[in-house]
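Read off the chains here:
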Amino acid sequence: MVNLDLLYKPVSLKPDRSNGRLIVVSNRVPVPTASGAPAAGGLAVALQSALRSKGGIWFGWSGKASQEADREPQLRTLGSISFAVCDLTRRDIEEYYHGFANQALWPICHYRLDLARLSERDAAGYFRVNEFFARRLAKMLRPDDVIWIHDYHFIPMAAFLRQLGVQNRIGYFHHIPWPSPDTASAMPHYDRILRSFSSYDVVGFQTEPDADNFRDCLIESGAGRAVDGNWCEAYGRKFQVDAFPISIDAEAFALEARLAERNTLVKRMRASLEGRAMIIGVDRLDYSKGIKHRIEAFGAFLERYPEAAKARVTMLQITPKSRSEVPEYANIQNEVAEEVGHLNGKLGDIDWTPLRYINKTMSQSALAGLYRMARVGLVTPLRDGMNLVAKEYVAAQSPDDPGVLVLSQFAGAARELKSALIVNPYDIGATAAAIARAIEMPLEERQDRWRDMMATLRDNSIDHWTANCLQAISGESEADLEGSLHPAGSIIRSGAIAKSEPWLAPSPIWTSLGY
Ligand SMILES: O=P(O)(O)OC[C@H]1O[C@H](O[C@H]2O[C@H](CO)[C@@H](O)[C@H](O)[C@H]2O)[C@H](O)[C@@H](O)[C@@H]1O
Ligand SMILES: O=c1ccn([C@@H]2O[C@H](COP(=O)(O)OP(=O)(O)O)[C@@H](O)[C@H]2O)c(=O)[nH]1
């Protein structure tokens, strides 16, 4: 373990944006390991390339628990990237990760108020852990670093950094949906959460509706207003609020899929299908992914076309377990397993298992090959920030014989992949009909739809996303705004603007919680 205090000086100088390192902060940090285990989370997969060119630090949780005394960041450097991760205590993990992040923010952002647990203990733990990370990060920063913070685990991180005197440019990207004010306002410490966003220079969302919902939250709570298009003034500060739809490297994924035709696992799968068409679903085992509804829809499809289906179709559902210590996730694991058992018991035969259900994490290469083999990609979340699986499925298809994507209207990806068969995942009959349509779809229509979606993916690649986000966060696009009234990062007080001043205005609730 390396004591980072010895390596970096504290922040004190005026920011210079030109040559700064990139500092990425995320809850999960894919520290390279000797075994090179595959990553199941979209965030980890999507950010693989982000740090490559600029160099810098990827900072976050180690994924491990340890004792209070032993929690300075551990550093691993590979080329121009240093991975710095801190352990958390068991109590931290319980309150910050399982508790506030995944039992309050996650369900509320996915419109599941019925599953939200509002606990003061968890809330205090969430803010405490954010402060813990902020203090350690602040010690590593240089004045010209650009900081890019990811996801709902770290909403208050910038506010703590500002309190510590950090004046760097800081951007935030929210990977999951942001709901409308009536739902968002169910968040515990809603005012404090909203206020926390104003410490960023840029706040990014997956889609326009998410960004609109967020602006509406500021307006309806009386905290601020929208100005100059995609900017907001709130809590005395001006910051950019915009949609940056995340994507994948479609060309690289297509190549991976072509090569994966030689993958042993893919070959085994193909042989076992005995000529049947494959339908594929790939999701973390999460209630937001709509797996139960999907299984019901597949069952309805089988019952509607029993003989044809048996002779012609098999479904593969790849579902790595996720957040198993959270009760709602333990419940969904049981419910899905039961649903799979019912379906196979009722509709299967001695020589045919209609639904193959696997709780393993597959490598990207195996997934790419399996997507390519599948006639139908079933991506039917009840709510999803983006859903990279939908994009990967499209990228993996063979141009000569592409499969059909059946996509939920409630996935962020549906706003871009308009040539998918778009379904309401709550409508079991309509989803069953879409499966039937996808199986029967003529080659020409499949090719037309695929070409359209692939063109969209090529136009907005992951590199594009990273470049757009970083351009906004580093303030490069602000040259045009230099003459405008309130450039980003400015503090607004009674008509005067003090650019890049420290942000030191905690609300009463902050102090009441002891921060
Ligand atoms: O880290 P975990 O608790 O194991 O969860 C895995 C990740 O899930 C979420 O992914 C989201 O980000 C994707 C990429 O932007 C997006 O396509 C998807 O719709 C979201 O659900 C979560 O936001 C990540 O932080 C987690 O690491
Ligand atoms: O066994 C698996 C299952 C999923 N994934 C990857 O995990 C990501 C899931 O991202 P998505 O945006 O669809 O959902 P999230 O899990 O982030 O909510 C995709 O890149 C998948 O390829 C994987 O590598 N192995």
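Everything numeric in this text was worked out from a predicted model, so none of it was measured. (Residues numbered from 1 in each chain as written. Chains lettered and ligands numbered in written order. Predicted model: local features only at pLDDT ≥ 70, side-chain atom pairs only at ≥ 80, totals over all residues.)

1. Comments concerning the nonpolar core
So, step 1. Residues I23, V25, F59, L105, W148, I149 and M157 are the most contacted members of the largest nonpolar core, which totals 74 residues.
So, step 2. Examining the composition of this core, we find that nine residues originate from one element, helix 2 (residues 90-109), more than from any other.
So, step 3. With residues near it in sequence (within four places) discarded, I23 still touches G56, I57, F59, L141, D145, V146, I147 and W148.
So, step 4. Listed in part, the 71 residues of the second largest apolar core include F301, V389, A414 and A438. (Core = buried A, V, L, I, M, F, W, Y, C linked by C-beta atoms within 7 Å. Buried ≥ 20, exposed ≤ 12 C-beta atoms within 10 Å, placed from the backbone. Helix = DSSP H or I, 4+ residues; strand = E, 2+ residues; numbered from the N terminus. Contact = placed C-beta atoms within 7 Å.)

2. Quick notes on the domain arrangement of the protein chain
So, step 1. In terms of domain boundaries, the protein chain breaks down into domain 1 (4-31 + 41-246 + 464-512) and domain 2 (250-459).
So, step 2. Counting from both sides, the interface comprises 16 residues of domain 1 and, opposite them, 12 residues of domain 2.
So, step 3. Mapped onto the side of domain 1 that touches domain 2, the elements with two or more residues apiece are helix 1 (42-46) and helix 2.
So, step 4. Of the residues in the side of domain 1 that touches domain 2, the class split is eight nonpolar, eight polar and no charged. (Domains from an automatic or database assignment. Nonpolar A, V, L, I, M, F, W, Y, C, P; charged D, E, K, R; others polar.)

3. Some points on the packing of helix 2 against helix 3 (residues 120-140)
So, step 1. It is at 8 Å that the axes of helix 2 and helix 3 come closest, and there the two elements cross at 110°. Taken together, helix 2 and helix 3 sit at an angle that is classed as roughly perpendicular. On the side of helix 2, the interface is formed by R91, D92, E95, Y96, G99, F100, A101, Q103 and A104, while helix 3 contributes R121, D122, A123, G125, Y126 and V129. (Axes fitted to C-alpha atoms, helices over the stretch in contact; angles between N-to-C directions. Parallel < 35°, antiparallel > 145°, perpendicular 65-115°, else oblique.)

4. Quick look at unusual backbone geometry
Among all residues except glycine, the phi angle is most often negative; among peptide bonds, the trans geometry is most common.
So, step 1. With phi around 60°, Y111 is a residue other than glycine that occupies positive phi space.
So, step 2. At Y235, a residue that is not glycine, the phi angle is positive and equals roughly 50°.
So, step 3. Considering the arrangement of structural elements, one finds Y235 in the loop between strand 9 (231-234) and strand 10 (237-243).

5. Topic: the sheet that holds strand 13 (residues 355-358)
So, step 1. The six strands are arranged 13-12-11-14-15-16 in an open sheet whose pairing can be described as parallel. Of all the strands in the sheet, just strand 13 and strand 16 (421-423) have a single pairing partner and so form its edges. Averaged over all neighbouring strand pairs, the angle between strand axes comes to 20°, with direction disregarded.
So, step 2. Note: strand 11 (residues 277-282) against strand 12 (residues 313-318), six bridges, orientation parallel. If you follow I279 over to strand 12, its bridge partner there is M315. (Pairing = 2+ DSSP bridges.)

6. What to know about the environment of A414
So, step 1. In this structure, A414 sits in the loop between strand 15 (404-408) and strand 16.
So, step 2. Along the primary structure A414 and A390 are separated by 24 residues, whereas in three dimensions their C-alpha atoms are 8.8 Å apart.
So, step 3. Residues in contact with A414, not counting those within four places in the same chain, are L407, S408, Q409 and I422.

7. Concerning the packing of helix 8 (residues 250-259) against helix 13 (residues 364-373)
So, step 1. Relative to each other, helix 8 and helix 13 sit at 80°, their axes nearing to 8 Å. Viewed along their axes, helix 8 and helix 13 adopt a mutual orientation that is roughly perpendicular. Where helix 8 abuts helix 13, its residues F253, E256 and A257 lie against Q364, S365, A368, G369, Y371 and R372.
So, step 2. Of the residues contributing to the contact of helix 8 with helix 13, the split by class is four nonpolar, three polar and two charged.

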